[in-house]
Amino acid sequence: MKLNNKKIAIVGGGPGGLTLARLLQLKGANVKVYERDFNKHARVQGSPLDLHKDSGIAALRTANLLEEFKKAYRPGADRLTMTNHLGEVLFSDHDTATAEDFDNEGFRPEIDRGPLRMLLLDSLQPETVVWDCHFIAMEKQNEGWLLHFKNGTTAYADIVIAADGANSKIRPYLTDIKAFYSGITMIEVSVPNAEKGAPNIYNLTNGGKIMAFGKEKCLLTGLKGNGDLGYYISLKTDENWAEANGIDCNSKEQLLEWFKNEYAEWDSSWHELFENIATPFIPRPIYCMPLNQYWEAQPNLTLLGDAAHVMPPFAGEGVNMAMKDALELSEYLTSAEYVTIHDAIAAYEDGMRKRASGIAQESLDNGERMHSKDAANSMVQMFSEME
């Protein structure tokens, strides 16, 4: 096998990096994952994830982890209620959504980020993940790379795989192409113990998700397994939203006042979301890699997930693309079809860029649709046709 006697370093312990480590270990490869978190109990933030049949689920199936996933996912959390800005329900699939069927494209089971990460971590060989390794630089050494970390340690690898997210510090070693601002910013907010902190919205979720549209803006909410309600205020605005509006991200009073002004035509029932929020809330300008990006493949360096093709979240494909990347890269690196590692990486990157470009275009289009004047009707029609 091409990987015999090769040391592989995966930088970044998110779903993509951990999935790749699991898949490569099943093939007998020597893999280490270098993760900046201090340990596996570091807090994992972010909204729940829905996995798709031909990407996230396919990767778990190949990794022999689908049965473990079935124990950890949250049945019913994928159910959707859609409203307008007045809170009037326009669409609900709570009675019609696809039942549990992991072979059905329409079934997209949800799992919180923490349980998914633990599932993947527990599948790895002991000491695969090297914690507290914040990557800062690397240099060519022999036929591979010498990696340097913030804690003063170093590590040698014959092959380096960047799985370190949208702000990847390894990507510049491969290409200087940068992401562009999509024009949309999402403000990530959380309401702890939503049953008490935001009872009316909590009841409206009915254990699932809410998408609310109106006046070229939207609110996207979802319950987490711990009872918290995570939500995103999403609108077209300046890239530096907080600075432009003089918002202190530790002040829920300022956020509510801004919301009342910016979302003035929205019903006051949404104000409940701001009364018991956790701070700080997090502005997230939404970026996308150019759809025609290209670089020359290297023989000992590649990348996956957001490090390769960060895109808007409006197709629900981010984690699925990362896990699909991991699945394909593991297959290319271990396939007899490619004589050299360089050949395998080049073939993987060509396919990955094409696949990601199509999904990124879909995500950009959905973002425009969700922030259009007729967003509510347009989105209801789209989801009705998907049923």
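The structure we're discussing is the one just above.
Keep in mind the model is a prediction, meaning the values are calculated, not measured.

Turning our attention to the side chain of R355. With respect to the helices, strands and loops of the structure, R355 is situated in helix α11 (residues 341-370). Excluding its chain neighbours within four sequence positions, the residues that come into contact with R355 are M321, K324, D325 and E328.

Here we take up the pairing of strand β2 (residues 30-34). The pairing of strand β1 (residues 7-11) with β2 spans five bridges and is classified as parallel. Counterpart to I10 in the pairing with β2 is V33. Traced from β1 through helix α1 (residues 15-26) to β2, the parallel crossover comes out right-handed. As paired strands, β2 and strand β7 (residues 129-130) are joined by two bridges and run parallel to one another. Paired with V33 across the strands is V129, a residue of β7.

Within the open sheet, the three strands sit side by side as β8-β9-β10. Their pairing is antiparallel. Edge positions in the sheet fall to β8 (135-141) and β10 (154-157), since each of these pairs with one other strand and no more. Across this sheet, the average inter-strand angle for adjacent strands is 25°, counted without regard to direction. Two elements, strand β9 (residues 144-149) and β10, share four bridges in a ladder whose sense is antiparallel. The partner of W145 across the bridge, within β10, is A157.

Moving on, we come to the sheet that holds strand β5 (residues 89-92). Strand order in the open sheet formed by seven strands is β5-β4-β13-β14-β15-β12-β16, and the pairing between neighbours is mixed. One side of each edge strand has no neighbouring strand; the edge strands of this open sheet are β5 and β16 (278-288). For this sheet, the mean inter-axis angle between neighbouring strands, taken without regard to orientation, is 20°. In this sheet, β5 lies alongside strand β4 (residues 80-84) in antiparallel orientation, the contact comprising three bridges. When the sheet's bridge partners are listed, T83 is paired in β5 with V89.

For the structure on display, the rule yields 15 salt bridges. Note that D103 and R61 form a salt bridge whose closest N and O atoms lie 3.3 Å from each other. You can see D103 sitting in the loop between β5 and β6 (110-111) and its partner R61 sitting in helix α2 (residues 56-62), a full 42 residues away along the chain. Residue D103 is classed as exposed on the basis of its relative accessible area, which comes to 55%. Since its relative accessible area comes to 39%, R61 is described here as partly exposed. R74 is paired through a salt bridge with D112; the nearest N and O atoms lie 3.1 Å apart. Residue R74 is located in the loop between α3 (66-72) and β4, and its partner D112 is located in the loop between β6 and α4 (113-122); the two are separated by 38 residues in the primary sequence. Given a relative accessible area of 13%, D112 falls into the buried group.

What follows is about the packing of α11 against helix α12 (residues 375-386). Put simply, α11 and α12 touch, their axes get as near as 8 Å, and they point 130° apart. It follows from the interaxial angle that α11 and α12 lie oblique. For the pair formed by α11 and α12, the contact residues are N366, R369 and M370 on the first element and A375, S378, M379 and M382 on the second. In terms of residue class, the contact of α11 with α12 is built from four nonpolar, two polar and one charged.

Parameters at a glance
Residues numbered from 1 in each chain as written. Predicted model: local features only at pLDDT ≥ 70, side-chain atom pairs only at ≥ 80, totals over all residues. Heavy atoms only, no water. Helix = DSSP H or I, 4+ residues; strand = E, 2+ residues; numbered from the N terminus. Contact = heavy atoms within 4.5 Å. Pairing = 2+ DSSP bridges. Right-handed = clockwise from strand over helix to strand, strands pointing away. Axes fitted to C-alpha atoms, helices over the stretch in contact; angles between N-to-C directions. Salt bridge = Lys/Arg side-chain N within 4 Å of Asp/Glu carboxyl O. Buried < 20%, exposed > 50% of the residue type's maximum accessible area, 1.4 Å probe, protein only. Parallel < 35°, antiparallel > 145°, perpendicular 65-115°, else oblique. Nonpolar A, V, L, I, M, F, W, Y, C, P; charged D, E, K, R; others polar.

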